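# Fold and geometry: a report
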Amino acid sequence: MNIIPIHTHTTTEYDQLRGDIYALLASLLRSAPTQDALAWLQALQPDGDDNPDMLKAWSALALTAQHSKTEAVAQEYQDLFIGVGRGELMPFGCWYLTGSLMERPLVTLREDLKHLGYERQKEVYEPEDHIAALCEVLSLMVSQDHSYSHQYRFLQRHLFPWAFAFFTDLQTANNAYFYAPVGLLAHTFFQQEKTYFQQLSPAQLNTDNKNDRRELA
């Protein structure tokens, strides 16, 4: 699912890194990586200044990518997320929260996306609570300098309640080889995000960008 951005603002270097990680996760969870994308991951050299858990996750992903082939990863993605009828995993928030698709959490999500100024492209048919779509929304929110309070509230409402369970399932799925360290990276990064926001002072968390007057319902 691709989201049409309506607002654009500036961002800090650290936030750009956060946005880039969300964008990478969105890309890998939306579809299997292309040959060029897989080559980029194979050549990845994790930053030694990263925190130990993130360093471990990046290293595991790079090493696994080095032992992966594009065709095999494409088949893995098919088995995990698409399958015949359905894949091994269901990457949708409603499924994890209610056991069904297209339930009330999706309605709430759509209301929040409308308030934030995002809409689904017409040619995209997957519901907005797909994990890749939600990572893409966060990437846009970060890069467009939405306030920390908006970012944190979106995470609390639409990702933290179920994403950790999904990423754990992805790490241990029967069909996961390349995607197991993707799950590890995502789980570790989301934990880093949760800790980061919890450590912000109330003043930092509640300081809105002067150009950002969008509110979540």
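Shown above is the structure to which this text applies.
Notes on the structure follow.

Quick notes on the rules
- Residues numbered from 1 in each chain as written.
- Predicted model: local features only at pLDDT ≥ 70, side-chain atom pairs only at ≥ 80, totals over all residues.
- Heavy atoms only, no water.
- Buried < 20%, exposed > 50% of the residue type's maximum accessible area, 1.4 Å probe, protein only.
- Helix = DSSP H or I, 4+ residues; strand = E, 2+ residues; numbered from the N terminus.
- Arc of directions from axis to C-beta.
- Salt bridge = Lys/Arg side-chain N within 4 Å of Asp/Glu carboxyl O.
- Phe/Tyr/Trp six-rings, centres within 6.5 Å; stacked < 30°, edge-to-face > 60°.
- Lys NZ or Arg CZ within 6 Å of the ring centre and 35° of its normal.
- Core = buried A, V, L, I, M, F, W, Y, C linked by side-chain atoms within 4.5 Å.
- Contact = heavy atoms within 4.5 Å.
- Patch = residues over 30% accessible without salt bridge, like charges linked within 9 Å, V, L, I, M, F, W, Y side chains within 5 Å.
- Areas by Shrake-Rupley, 256 points an atom, 1.4 Å probe, with all protein chains shown as cover.
- Polar contact = N/O pair within 3.5 Å; in protein donor to acceptor, adjacent residues only side chain to side chain.
- Axes fitted to C-alpha atoms, helices over the stretch in contact; angles between N-to-C directions.
- Parallel < 35°, antiparallel > 145°, perpendicular 65-115°, else oblique.
- Left-handed = near helix turned anticlockwise from the far one by under 90°.
- Nonpolar A, V, L, I, M, F, W, Y, C, P; charged D, E, K, R; others polar.

Here we come to helix H9 (residues 163-172). For H9, the set of buried residues is Ala 163, Phe 164, Phe 166, Phe 167 and Leu 170. Down the axis of H9, the buried set is contained in an arc of 160°. They therefore lie on one face.

Once that is clear, we can look at the pattern of salt bridges. Scanning the model with the defined rule gives 7 salt bridges in all. With a shortest N-O distance of 2.9 Å, Arg 18 and Asp 15 are connected by a salt bridge. Placement of both Arg 18 and Asp 15 in helix H1 (residues 13-30) is noted, with a separation of 3 residues, approximately one turn of the helix. Neither residue differs from the other here; Arg 18 and Asp 15 are each classed as buried. Each of the salt bridges in this network shares a partner with another, and the network as a whole consists of Asp 15, Arg 18 and Glu 193.

Turning next to the packing of aromatic side chains. Scanning the model with the defined rule gives 20 aromatic pairs in all. Summarising the aromatic geometry, the rings of Tyr 148 and Phe 197 are spaced 5.9 Å apart at their centres and angled 80° between planes, so their arrangement reads as edge-to-face. A residue pair is termed long-range when its members are at least 10 positions apart, and Tyr 148 in helix H8 (residues 148-158) and Phe 197 in helix H10 (residues 179-199) qualify at 49 residues. Taking relative accessible area as the criterion, Phe 197 reaches 1% and is therefore assigned buried. Of note, Lys 194 hangs over the ring of Phe 160, and the distance from its end group to the ring centre comes to 5.8 Å.

Turning our eyes to something else, we now look at the nonpolar core. Residues Leu 29, Phe 178, Tyr 179 and Phe 190 are the most contacted members of the largest nonpolar core, which totals 62 residues. Non-local contacts of Phe 178, meaning those with residues more than four positions away in its chain, are made with Leu 28, Pro 33, Leu 38, Leu 41, Leu 61, Thr 64, Ala 65, Ser 68, Val 73 and Glu 76.

Right, let's get into a nonpolar patch on the surface. Residues Trp 95, Leu 101 and Met 102 make up a contiguous nonpolar surface patch of about 280 Å² in total accessible area. On the secondary structure map, Leu 101 appears in the loop between helix H5 (93-98) and helix H6 (104-116). Residue Leu 101 is classed as partly exposed on the basis of its relative accessible area, which comes to 39%.

Here the focus is unusual backbone geometry. For Met 102, which is not a glycine, the phi torsion comes out positive at approximately 60°. Under the relative-accessibility criterion, Met 102 is labelled exposed at 51%. In this structure, Asp 145 is a non-glycine residue whose phi angle is positive, near 60°. Inspection of the secondary structure puts Asp 145 in the loop between helix H7 (131-143) and H8.

For the rest of this paragraph, the subject is the environment of Ser 143. Looking at the secondary structure, you find Ser 143 in helix H7. For Ser 143 and Leu 17, which are 126 residues apart along the polypeptide, the C-alpha to C-alpha distance reads 9.3 Å. Reaching out from Ser 143, the side chain makes a polar contact with the backbone oxygen of Leu 140 at a distance of 3.2 Å.

In helix packing, the relevant descriptors are the interaxial angle and the interaxial distance, both defined with respect to the helix axes. Following both chains from N to C, one finds H1 and H7 inclined at 160°, their axes separated by 8 Å at the closest point. Taken together, the axes of H1 and H7 are roughly antiparallel relative to one another. The interaxial crossing formed by H1 with H7 has left-handed handedness. Residues Asp 15, Arg 18, Gly 19, Tyr 22, Ala 23, Leu 25, Ala 26, Leu 29 and Arg 30 of H1 pack against Ile 131, Ala 132, Cys 135, Glu 136, Leu 138, Ser 139 and Val 142 of H7. For the contact of H1 with H7, the class distribution of residues is 10 nonpolar, 2 polar and 4 charged.

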